[in-house]
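Each chain, letter by letter, is given below.
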Amino acid sequence: MYVGVDYYPEHWPEDMLEKDLDGIKELGANMIRIGEFAWHLMESTEGSFDFSFFDKVIEEAKKRGIDVMFGTPTATFPAWLAKKHPSILSKDEYGHVRAFGGRRQYCFNSDEYNRYAAKITEEVVKHYANEPAVVAWQIDNEFGHEGSDWCFCEQCHSSFHQFLEKKYKTVEELNERWGTIFWGQTYNEFSEIPMPVPTVTTHNPSLKLDYSRFRSESVNGFAHRMTDVARKYAGAHQPITTNVSGGFFDKAFDHAENVRPMDFVSYDNYPVWGGLTEPIPPAAIAMTHDFNRGLKDQNYWIVEELMGAQGHNVIGYLPRPNQAKMWSYQAFAHGCTNMLYFRWRGMTKGAEQFCFGVVDQDNRYGRKFKEVQSLFSEILPYENVLNQKVESDIAVLYDYDNIWSWKSQVQSASFDFNAELMRLYTPFYRHNASIDVIPADRDFAKYRVLLVPVMQIIDDELAARLTSFAEAGGTIIFSFRAGLKDRDNNIHFKQTLPGPVAELAGIEIYETEALAAHQSVPVQSTDGKKAEGRVWRDLVTVTTADVLYKYADEFYEERAAMTVNSFGEGKVYYLATGLATTDLEPLALNLIQEHGIWHAETPEGTEAVKRDNHLFLMNHTGIEQKVMGESLPPYGSKVVKLT
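Since the model is a prediction, treat every value here as computed from it, not as a measurement.

Q: Explanation requested: empty space enclosed by the protein in the structure shown.
A: Left-over empty space is what a probe sized like a water molecule reveals as it rolls over the atoms. Across all of its chains, the model carries four cavities of 30 Å³ or more by this definition. Here the largest cavity defines a volume of roughly 70 Å³. Looking at the lining of the largest cavity, the elements with two or more residues in it are α15 (417-429) and α18 (581-594). It is α15 that provides the largest number of residues to the lining of the largest cavity, a total of four residues. Taken together, the residues of the lining of the largest cavity break down into nine nonpolar, no polar and one charged.

Q: Can you help me understand the pairing of strand β9 (residues 336-342) in this one?
A: In regular strands, side chains alternate between the two faces of the sheet. Among the seven residues that make up β9, seven are buried, leaving the element largely enclosed by the rest of the structure. Of the strand pairs in this sheet, strand β1 (residues 3-6) and β9 are connected by three bridges, and their pairing is parallel. If you follow V5 over to β9, its bridge partner there is Y341. Of the pairings in the sheet, the one linking strand β8 (residues 300-306) to β9 comprises five bridges and is parallel in character. Within the sheet, the bridge partner assigned to L306 lies in β9 and is F342. Crossover β8 to β9 through helix α11 (residues 323-333) is right-handed.

Q: Honestly, unusual backbone geometry in this entry has me stumped. Any pointers?
A: The phi torsion of most residues other than glycine is negative, and most of the peptide bonds are trans. Here F342 and R343 are connected by a cis peptide whose omega angle stands at -10°. If you trace the backbone, R343 turns up in the loop between β9 and α12 (367-379). Between L497 and P498 the backbone carries a cis peptide bond, its omega angle lying at 5°. Position of P498 among the secondary structure elements: in the loop between β13 (475-479) and α17 (502-505). Located in the positive-phi region is N432, a residue other than glycine, with phi close to 65°. You can see N432 is positioned in the loop between α15 and β11 (435-439). With a relative accessible area of 6%, N432 lands in the buried category. Even without being glycine, V535 reaches a positive phi, approximately 75°.

Q: Help me out: how do you make sense of the pairing of strand β21 (residues 606-611) in this one?
A: Judged by how many residues are buried, β21 sits mostly within the fold: five of six residues are covered. Here β21 runs beside strand β22 (residues 614-619); their pairing, made up of six bridges, is antiparallel. Bridged to V609 within β22 is F616. Count of turn residues in the β21/β22 antiparallel hairpin: two residues, of which D612 carries a positive phi of about 55°.

Q: Sorry if this is basic, but what is going on with the sheet that holds β22 here?
A: Reading across the sheet, the three strands line up as β21-β22-β25 and stay open at both edges, with antiparallel pairing between neighbours. The open sheet has two edge strands, β21 and β25 (637-641), and neither has a second partner. Within this sheet the neighbouring strands show an average axis-to-axis angle of 20°, counted without direction. As paired strands, β22 and β25 are joined by five bridges and run antiparallel to one another. Pairing of M618 across the sheet is with S637, part of β25.

Q: Got a minute to help me understand the nonpolar core in this structure?
A: As a rule of thumb, nonpolar side chains are buried together in soluble globular proteins. Core analysis: the biggest nonpolar cluster contains 181 residues, and I32, F70, Y425, F478 and F616 have the highest contact counts within it. Ranked by residue count, the leading element in this core is helix α5 (residues 111-128), at eight residues. In contact with F616, other than residues within four places in its own chain, are Y329, F332, A333, I379, V385, L386, E607, A608, V609, R611, K638 and V639. Core analysis: the second largest hydrophobic core is formed by 19 residues, C153, L164, Y168 and F214 among them.

Q: Honestly, the side chain of T577 in this entry has me stumped. Any pointers?
A: Tracing the backbone shows T577 in strand β20 (residues 577-578). Given a relative accessible area of 0%, T577 falls into the buried group. Separated by 2.6 Å, the side chain of T577 and the backbone oxygen of W536 make a polar contact. Excluding its chain neighbours within four sequence positions, the residues that come into contact with T577 are F480, L515, V521, V523, G533, R534, W536, R537, Y551 and A561.

Q: What's the story with the packing of helix α10 (residues 282-295) against α15 in this structure? I'm lost.
A: A packed helix pair is summarised by two numbers, namely the angle formed by the two axes and the spacing between the axes. Remark: α10 packs on α15, axes separated minimally by 10 Å, with the N-to-C direction vectors making an angle of 100°. Here α15 runs roughly perpendicular to α10, going by the angle between their axes. Contacts between α10 and α15 involve P282, A283, A284, A286, M287 and D290 from the first element and L421, M422, Y425, T426 and Y429 from the second. Class assignment of the residues belonging to the contact of α10 with α15 gives a composition of nine nonpolar, one polar and one charged.

So, how was this worked out
- Residues numbered from 1 in each chain as written.
- Predicted model: local features only at pLDDT ≥ 70, side-chain atom pairs only at ≥ 80, totals over all residues.
- Heavy atoms only, no water.
- 1 Å grid on protein atoms, 1.4 Å probe; cavity = no way out; pocket = protein on both sides within 12 Å on 5 of 7 lines; lining within 4 Å.
- Points joined across faces, edges and corners; volume = space filled by probe spheres on them.
- Helix = DSSP H or I, 4+ residues; strand = E, 2+ residues; numbered from the N terminus.
- Nonpolar A, V, L, I, M, F, W, Y, C, P; charged D, E, K, R; others polar.
- Buried < 20%, exposed > 50% of the residue type's maximum accessible area, 1.4 Å probe, protein only.
- Pairing = 2+ DSSP bridges.
- Right-handed = clockwise from strand over helix to strand, strands pointing away.
- Axes fitted to C-alpha atoms, helices over the stretch in contact; angles between N-to-C directions.
- Core = buried A, V, L, I, M, F, W, Y, C linked by side-chain atoms within 4.5 Å.
- Contact = heavy atoms within 4.5 Å.
- Polar contact = N/O pair within 3.5 Å; in protein donor to acceptor, adjacent residues only side chain to side chain.
- Parallel < 35°, antiparallel > 145°, perpendicular 65-115°, else oblique.

Honestly, that's just the spatial picture; any functional story needs more than this.
Laid out in structure tokens, this is it:
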């Protein structure tokens, strides 16, 4: 099992190296992660490759029994490359060149950048292929982060035309499927098709969706090419990964496809970031772990675990004593097997001066050092438990086509996909049930409960698999706008909503309404419980379903707001409006109990996760809590063996 830190020795005087590594060893670490931002140090002028600095770092690490994850440095290219080939720089939607000076400013479709990136990757991997201390390769850094997944340069425009021609074969086919007759947008040739840059009103929704798909192919194509290079030259003992950043559903690339050719998933876990006055909710943090575990259906690493306050320009919330340690326990509970903290020492120069680390600028081994040290010593005995596969009976389904479809036409000003996914996830999380978050094209037959948030793109193939799942005894929960669109981002013609799953849900929808952020609509359950619906409302007419909630306003009191339909051996629920997660917790508990799913009732703000014959207990609050018979101090965490 690896525990350690991200270390940037090139940021500090060389005479600090040995003392730093002694401190890292004292911390209890057995791995450092290096190299990912050091292209210029490795190739200061074109073709002059020099790895002597990192040779020394690795030799000193080896003396202390510390292994290395090495990052290929393509996220931050050298200034000489931008000067020689300015075409490698990406452009924003306004056509502005993203100047050298930040990071990830490269265009994924630049032939020049692909050539230089492949060369530096080849050289560094070849150099360390036989180095026993280099035990893993990280490709690039946080693909698509900070808007780098988008580019609107001429190279991308030309590549987009090629993408469309390959997909549609003829421009006549594209015109038909996009419906370009509308607003007279019919094309005579592919070269006439614009990118979705600013225009009057808006672009065709089909064009927008296809541009997102093209962006995904661009990002993932580059990632796969660099992975192939590393794979060709890496030693047999050197698996390959990349570090996934947060905000998965806000990015323009399919993450499961991104990591498909890699050996394992790594994640950068930041429950709080600059500008936030408090961390994101515990359920949202848990979901990010479940998402990363679901990318390859296997346990994963964390290669950047937050310790200090973070921020590039605005500094965020300072994790309270033991809170970052508790987040680490939560990560291990959800499937993390190896963990590196960001970072060994906070930098005193450059854009990340306010990204604090285990040690700060005073070079003092203080509270944060001791907190990490205690985590390492406490978690290492549980290596066998952590390596056990996480088994879940509940799955959340997502589909990037669907997410990008919502972005092309948000419909409700208060809509946010992340919030709608969490609306279904959180009630089950609150009962401490294990949940997988997986792409909708996966085989989901093994699960007992499927949560299907705002899946407006449902094709016949997915509808058939959902139907089979319910027939076999599974439970499905859909939320509003399900089954609205086809894969071309067009509304299903001659189909009553919810389209391909109308019979499955036992309902029909004839009218709908978007709700602004300040709006809510009254609803009432069949047993008299009053609640509010937000964001959206489908006005549901039941065919074979039973009503659980109705709208309670004068015009629509005969329309259902939530239904359940018996289908085969299973049940299908339809949530037609945005009920609060607290309103859905009783339903979640009922389904958990019906299906015999392990769960535990714990105080609000606490969490219990069962792994093998152990319980991981976390207190996300600033007060002492009693959890599963154990007293946890503020932000406390522990592992308890079940007897």
